[in-house]
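Breakdown of the fold
Single-letter residue listing:
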Amino acid sequence: MTDGVNVTFGGAGAAKPVRTHYQSDGVREVRSRAQFLEHEQSPQEQAGVKRLRSLLNQGQPLDQNAPRGYYLNIRV
């Protein structure tokens, strides 16, 4: 199985540019939006990520019954 699509024809010209990797429309949209968004985290987000990282580093599984946002609560 190959990841790239490289089909060329020797006609008057290609209708679309040749893509080197297949990407679904959803992947292209996410990457496009990510390029234009600010990536700065608030102090609350940084503290939440630090807390989650320390919990994960303990090597114990997270509680599956924890309420939403218990381990990481950020706004997207």
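Per-chain numbering applies: the sequence of each chain, read as written, is numbered from 1 onward. Under the rules for a predicted model, residues below a pLDDT of 70 receive no local features and side-chain atom pairs below 80 are neither given nor counted, while totals for whole chains, interfaces and linings still include all residues. Values shown for side chains rest on all heavy atoms present in the structure; no hydrogens or waters enter the calculation.

1. Considering helix 2 (residues 43-57)
Secondary structure elements follow DSSP: runs of H or I no shorter than four residues count as helices, runs of E no shorter than two count as strands, and numbering proceeds from the N terminus. A helix is expected to span 1.5 Å multiplied by its residue count minus one. The end-to-end C-alpha separation of helix 2 is 21 Å, in line with the 21 Å expected for 15 residues at 1.5 Å each. Burial classes: relative accessible area under 20% of the type maximum marks a residue as buried, over 50% as exposed, and values in between as partly exposed (1.4 Å probe, protein chains only). Within the sequence span of helix 2, burial applies to Glu45, Gly48 and Leu52. The arc enclosing the buried residues of helix 2, seen along the axis, measures out at 65 degrees, which places them on a common side. Among the exposed residues of helix 2, those pointing more than 90 degrees away from its buried face are Pro43, Lys50, Arg53 and Asn57. Immediately downstream of helix 2, the backbone of Gly59 shows phi near 80 degrees, a positive value. By construction, the arc corresponds to the directions joining the helix axis to the C-beta atoms.

2. Re the environment of Gln41
Tracing the chain through its elements places Gln41 in the loop between helix 1 (25-36) and helix 2. Given the relative accessible area of 39%, Gln41 is considered partly exposed. Residues Gln41 and Ile74 lie 33 residues apart in sequence; the distance between their C-alpha atoms is 9.5 Å. Every residue pair with non-hydrogen atoms within 4.5 Å of one another is taken to be in contact. Not counting residues within four places of it along the chain, the set of residues in contact with Gln41 comprises Gln46 and Val49.

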